[in-house]
Amino acid sequence: MVRGWDTVTSARDAARLRAWEQFVRTGVAPRGVRHSIARSWARCRELGLDPLQPQFDTLPKRELRPRLAAYRPLIELARPLMRRLVARRLPGAASGAVALLADTEGVLLAVIAGRGAQTTLAPGWRLSEDRAGTCAVALALREGRPAVVAGAEHYHEAYHDWICWAAPIRLAERRPSAVLAVAVRGTALDARIRVYLVECAAALAGVWRAWRRNLSQQVLLGPGSPWPLIAVDGDGRVLDCNPAAERELGLLREKLVGRRWEQLGFVAVQPGEGEAAPDEGQLVSLTGAGGERSFFLMQNAPLPGGAGERPGRVYALVNITRWRERFEQADYRRRLALLERLGAFVVHEARNPLAAIRVSAELAAMTPDPERRTALMQQIIASVDDLNRFLGDLLDLVRPKQAQRGPVDVGVILQRVVELFAPQAKMAGVDLRVRAVKGALPVIGNEHLLGYALGNLVRNALQATPAGGAVSVRVERRPSRGSVLIRVSDTGAGIPPGIRRHLLTAAVSTKGRYEAGLGLLLSHRVITEAHGGRVWFRTREGAGTTFYVELPLAAAPMANTDATG
């Protein structure tokens, strides 16, 4: 196994690496591994993360922009402290340090590299445990206290030559509002840097709290602020605003002061499908005098009142109208494309039985033989039944929750699927291998829908595998989880990075512009919605793809393995 660094410099580092290697082989952390690290490793393994081949995840730009806008004041306040962190001399480090600022989901908001430091990390990277495995940022968020992860304590081998400290940033006595971290390439981190990091996080939290408390001063004393700021008293009437608020609302200060807050016209907006909810603040809209609609991320903070007065509020706004419009246009195009693909799929599948009906009807009209005419009419009836069955199956696929369910045997279904595709594999020169466990594998579901979903995975694997390659189907029982795990692997070219994120939740295809791309979308819905299961995949360009399907086993033994639901 490849070591994370060229030279192991101490017995402790060597012990960490041996412990990690044992866990990769056996799934059991040996004695001596810190409890927090061992628990994190176990969680990462349950999530299906591969310690040797990590799949790094980056937030799309359309989701990152509003997040950065919401955290902009904190980012600007943090940058001077982050520069000081990486400017220090670091004894024992192989290169300079990298300072990181992450939000409550582990998404990086800012990255500053010191002299000599090299890193691929950038704003938008997810360092949450379910994405990046065991790392200091993820532990600090989960445990709510400073955390360190050194060398082979990282779950992913790619991080083994880094040591990282992270400290939570708290606005109040609750979960962290952000995380400040420092990472060093090497096997040691000076204790003074660790103390300084915690002090920086505490100082940043204090400055951030002060900034929020003193928004009212920014309203009155900060006319150059780029953010619209509006101060409201305890009765909900506008006390003051800055020039940016005048520009955004289209009203002079004299017209705004004295109005009630609800008269300004702000309306709460729920995030759309596929749109990330803001971590801090609220999404609101405002309709102008000309009917144009603007969207804002809105934050607020208390405004202390005088003696005997109720405290007011100060509202800060960030205009995200252009981003919102781009999101809505993209969402509209996605839905339209999905509708077009579904229509093309239905037309393609319905043409064959319709053509058979037309030919049979024309022949029946021309033939004088009564027996021949009767046979043709029976063909017409059979074709109509096929078309009706197809429409019913399609309705079940697009509404899997409403399909009838009962006890079915996953092993029997998979055996039928493999037998169905065996001739196709032989003609394509692909070795189709199956390895299943003995005994029934009962689940509660719909035999036809589950057969469609699993058959689609096998069909895709065969289509992705060139002649001489192999497709393997493996089934295993997981007693500890009360489930059955199915793996469908191919030796194809892998899935392009550009479509991986939405492969299971949108109609995307790697087979050309005329493919509907609905197979995986419908299969995902069948497995998750109708059978309570999970679907995920791992892929490497040039090395193939493996799809995983986990289904909960039925609690009671099956009465009939041939039930169709």
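The sections below set out a description of the structure shown in this document. Everything quoted here is computed from the prediction, not taken from an experiment. (Residues numbered from 1 in each chain as written. Predicted model: local features only at pLDDT ≥ 70, side-chain atom pairs only at ≥ 80, totals over all residues. Heavy atoms only, no water.)

**Section: the overall build of the protein**
Part 1 of the reasoning: Across its full length, the protein carries 16 helices and 18 strands.
Part 2 of the reasoning: Looking at the protein as a whole, 47% of its 565 residues are labelled buried.
Part 3 of the reasoning: For the protein, the share of sequence-separated contacts (at least 6 apart) that also reach a separation of at least 24 residues comes to 60%.
Part 4 of the reasoning: For the protein, the exposed area adds up to about 29,000 Å²; of that, 53% sits on carbon and sulfur atoms. (Helix = DSSP H or I, 4+ residues; strand = E, 2+ residues; numbered from the N terminus. Buried < 20%, exposed > 50% of the residue type's maximum accessible area, 1.4 Å probe, protein only. Contact = heavy atoms within 4.5 Å. Areas by Shrake-Rupley, 256 points an atom, 1.4 Å probe, with all protein chains shown as cover.)

**A closer look at the packing of aromatic side chains**
Part 1 of the reasoning: Counted according to the given criterion, the structure contains nine aromatic pairs.
Part 2 of the reasoning: With 5.2 Å between their ring centres and 20° between their planes, Trp261 and Phe266 make a pair best called stacked. Here Trp261 matches Phe266 in class, with each residue buried.
Part 3 of the reasoning: Ring geometry for Trp536 against Tyr548: centres 5.2 Å apart, planes inclined by 5°, an arrangement best described as stacked. Highlighted residues: Trp536 in strand 17 (residues 534-540) and Tyr548 in strand 18 (residues 544-552), separated in sequence by 12 residues.
Part 4 of the reasoning: Among the residues examined, Trp536 registers a relative accessible area of 14% and is labelled buried.
Part 5 of the reasoning: Against the face of Phe23 rests Arg45, its NZ or CZ located 5.4 Å from the ring centre. (Phe/Tyr/Trp six-rings, centres within 6.5 Å; stacked < 30°, edge-to-face > 60°. Lys NZ or Arg CZ within 6 Å of the ring centre and 35° of its normal.)

**Some words on the pattern of salt bridges**
Part 1 of the reasoning: Considering all chains together, one arrives at 20 salt bridges under this definition.
Part 2 of the reasoning: In this structure, Arg131 and Asp57 form a salt bridge, with 3.4 Å as the shortest nitrogen-oxygen distance. With Arg131 in helix 5 (residues 129-132) and Asp57 in the loop between helix 2 (35-46) and helix 3 (61-70), this residue pair connects regions lying 74 residues apart in the sequence.
Part 3 of the reasoning: On the basis of relative accessible area, Asp57 is assigned to the buried category, the value being 13%.
Part 4 of the reasoning: It is possible to trace a salt-bridge network through shared partners that takes in Asp57, Arg67, Asp103, Glu105, Arg126, Asp130 and Arg131. (Salt bridge = Lys/Arg side-chain N within 4 Å of Asp/Glu carboxyl O.)

**Description of the pairing of strand 18**
In summary, the side chains of a regular strand alternate between the two faces of the sheet.
Part 1 of the reasoning: Counting buried positions along strand 18 gives eight out of nine residues, so the element sits mostly inside the fold.
Part 2 of the reasoning: The sheet contact formed by strand 16 (residues 483-490) and strand 18 spans seven bridges and is antiparallel. From the neighbouring strand, Val484 faces strand 18, where its bridge partner is Leu551. (Pairing = 2+ DSSP bridges.)

**Looking at the pairing of strand 6 (residues 229-232)**
Part 1 of the reasoning: Alternating residues of strand 6 divide into Leu229 and Ala231 and Ile230 and Val232, and every residue in both groups is buried.
Part 2 of the reasoning: For strand 6 and strand 11 (residues 312-319), the ladder comprises four bridges, and the chain directions are antiparallel. Along strand 11, the bridge assignment pairs Leu229 with Ala316.
Part 3 of the reasoning: Pairing geometry for strand 6 and strand 7 (residues 238-241), over three bridges, is antiparallel. Within strand 7, the position partnered with Val232 by the bridge is Val238.
Part 4 of the reasoning: Between strand 6 and strand 7, which pair antiparallel one after the other, the connecting turn spans five residues, and Gly236 there sits at a positive phi close to 85°.

**Notes on the side chain of Glu550**
Part 1 of the reasoning: Structurally, Glu550 is set in strand 18.
Part 2 of the reasoning: A distance of 2.7 Å separates the side chain of Glu550 from the side chain of Arg481, its partner in a polar contact.
Part 3 of the reasoning: A distance of 2.7 Å separates a polar atom in the side chain of Glu550 from a polar atom in the side chain of Ser483.
Part 4 of the reasoning: In this structure, Glu550 is in contact with Arg478, Arg481, Ser483, Val484, Leu485, Gly533, Arg534 and Trp536, ignoring residues within four places of it in sequence. (Polar contact = N/O pair within 3.5 Å; in protein donor to acceptor, adjacent residues only side chain to side chain.)

**Comments concerning the sheet that holds strand 7**
What holds strands together in a sheet is hydrogen bonding between their backbones, with the strands either parallel or antiparallel.
Part 1 of the reasoning: Across the sheet, which stays open at both edges, the six strands sit in the order 7-6-11-10-9-8 with antiparallel pairing between neighbours. At either end of the open sheet lies a strand with only one pairing partner, and these are strand 7 and strand 8 (267-268).

**Here's the deal with the environment of Pro302**
Part 1 of the reasoning: Within the secondary structure, Pro302 is located in strand 10 (residues 293-303).
Part 2 of the reasoning: Through-space distance from the C-alpha of Pro302 to that of Gly234 is 9.8 Å; in sequence the pair is 68 residues apart.

**Examining the sheet that holds strand 16**
Part 1 of the reasoning: If you walk across this open sheet you meet the five strands as 13-15-16-18-17, and the pairing is mixed. Bordering the open sheet on either side are strand 13 (431-435) and strand 17, each of which pairs with just one other strand. Geometrically, the sheet is characterised by an average inter-axis angle of 15° between neighbouring strands, direction not taken into account.
Part 2 of the reasoning: By the bridge criterion, seven bridges tie strand 17 to strand 18 in an arrangement that is antiparallel. Across the sheet, Arg534 pairs through a bridge with Glu550, a residue of strand 18.
Part 3 of the reasoning: Its contacts with the sheet place helix 14 (residues 447-464) against strand 15 (470-478), strand 16 and strand 18, and it is angled at close to 25° to strand 16. (Axes fitted to C-alpha atoms, helices over the stretch in contact; angles between N-to-C directions.)

**Looking at the packing of helix 13 (residues 410-428) against helix 14**
Part 1 of the reasoning: One can describe the packing of helix 13 onto helix 14 by two numbers: an axis separation of 9 Å at closest approach and a directional angle of 40°. When the interaxial angle is binned, helix 13 and helix 14 end up oblique. The way helix 13 lies across helix 14 gives a crossing that is right-handed. Contact residues: helix 13 offers Val410, Ile413, Leu414, Arg416, Val417, Phe421, Gln424 and Ala425, while helix 14 offers Glu447, Leu450, Gly451, Leu454, Gly455, Val458, Arg459 and Leu462.
Part 2 of the reasoning: Here the residues of the contact of helix 13 with helix 14 are counted per class, giving 10 nonpolar, three polar and three charged. (Parallel < 35°, antiparallel > 145°, perpendicular 65-115°, else oblique. Left-handed = near helix turned anticlockwise from the far one by under 90°. Nonpolar A, V, L, I, M, F, W, Y, C, P; charged D, E, K, R; others polar.)

So yeah, pure geometry; function would need other evidence.
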